[in-house]
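Remarks on the overall topology
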Amino acid sequence: MTGKTHFAIGVASGVGLAVASGNPDDVGELALTIVLAGIASLLPDIDEDGSLINNFLFPSLSRTYRSFALAALGVVMILLFFIKSLPLWVLLLGIFAASVAYAPHRSVTHSLLTCAYVTWMFYTIQPWMAVPVLVGYLSHLFADTLTSAGVPYLWPHKKKFSMKAFGIKVKTGGSEEKLIGRLSVLLAALGFVYLIGLILYNEVKMAGWF
């Protein structure tokens, strides 16, 4: 699936998680929950030079140099961790960037192993961040499971899992994917409106207006 669809699904997942949390008091955390899920939904495609996440990270670089830039960034972060005694997540992020820079598309980054690693990495930053990252990352893997190419959930085992056996084969850029993207945007918008209403309701209630 395209990056735009993955992002729409990820944001919708983040909004759903924010709604399910039932805690509208911390607006900042709710907003960051949605943002983290959206970002995490793009991370598996960091192995593709022309992906949305790489277009965001390296907008001024041609595709030819993006893998090198990602690997170099990872090495720099690893070195800075040891030289400057930076937090653990800097080392973990550096290892991630350097390791996946030249990985084949839909291989290691599209696995439960990497999903667990990225979730742990964000857990070391703030434990509460782990859940939205996990939800966003898994949303990408599940969405790609709907395509005929499938996903190697158990990498390094090469078997790719898909829904072809059930007659589900979503073509990248096709009408089915566009429908999924639009539905995701609609669900995200409805959830967002609900959250805004809930926040306003609590503010009015705390102000003693009723």
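Residues numbered from 1 in each chain as written. Predicted model: local features only at pLDDT ≥ 70, side-chain atom pairs only at ≥ 80, totals over all residues. Heavy atoms only, no water.

Looking at an unreviewed UniProt entry, the protein carries the name Metal-dependent hydrolase, with the source organism given as Thermoactinomyces intermedius.

Section: the overall build of the protein
Defined as follows: The secondary structure listing takes helices from DSSP runs of H or I that are at least 4 residues long and strands from runs of E that are at least 2 residues long, numbered from the N terminus. Our radius of gyration looks at C-alpha atoms and nothing else; its globule reference is 2.2 Å times the residue count to the power 0.38. Three exposure classes are used, based on accessible area relative to the maximum for each residue type with a 1.4 Å probe and protein chains only: buried under 20%, partly exposed in between, and exposed over 50%. Between two residues, a contact is recorded if the distance between any of their heavy atoms is within 4.5 Å. The protein chains shown are the only cover counted for residues, whose accessible areas, like all others here, come from Shrake-Rupley with a 1.4 Å probe. Lys and Arg are tallied as positive, Asp and Glu as negative. Neither His nor the chain termini are counted. Positions of charges follow a simple convention, taking NZ of Lys, CZ of Arg, CG of Asp or CD of Glu.
What the protein contains, in helices and strands, is eight helices and zero strands. Its helices and strands in sequence order give the protein the pattern α-α-α-α-α-α-α-α, from N to C terminus. Its C-alpha radius of gyration of 19 Å places the protein within 12% of the 17 Å reference for a compact globule of 210 residues. By its C-alpha atoms, the protein is 60 × 55 × 35 Å across when sized along the principal axes. Across the 210 residues of the protein, 42% fall into the buried class. A separation of at least 24 residues holds for 60% of the contacts in the protein among residues at least 6 apart in sequence. For the protein, the computed accessible surface area is about 11500 Å², with 71% contributed by carbon and sulfur atoms. In the protein, 14 side chains carry a positive charge and 11 a negative one; their mean positions are 11 Å apart.

Things to note about the packing of aromatic side chains
The criterion, for reference: Stacked, tilted and edge-to-face pairs are distinguished by plane angle, under 30 degrees for stacked and over 60 for edge-to-face with tilted covering the rest, among Phe, Tyr and Trp rings (Trp via its six-membered ring) whose centres lie within 6.5 Å. Charge-over-ring contacts are defined here by two conditions on Lys NZ or Arg CZ: a distance within 6 Å of the ring centre and an angle within 35 degrees of the ring normal.
On inspection of all chains with the given rule, the structure shows three aromatic pairs. Measuring from ring centre to ring centre gives 6.1 Å for Tyr117 and Trp120, while their planes differ by 80 degrees; the resulting arrangement is edge-to-face. Of the two residues, Tyr117 and Trp120 both sit in helix α6 (residues 112-125), three residues apart, roughly one turn of that helix. With a relative accessible area of 41%, Trp120 lands in the partly exposed category. Across the ring face of Phe161, the terminal group of Lys159 is positioned such that the distance to the ring centre comes to 5.3 Å.

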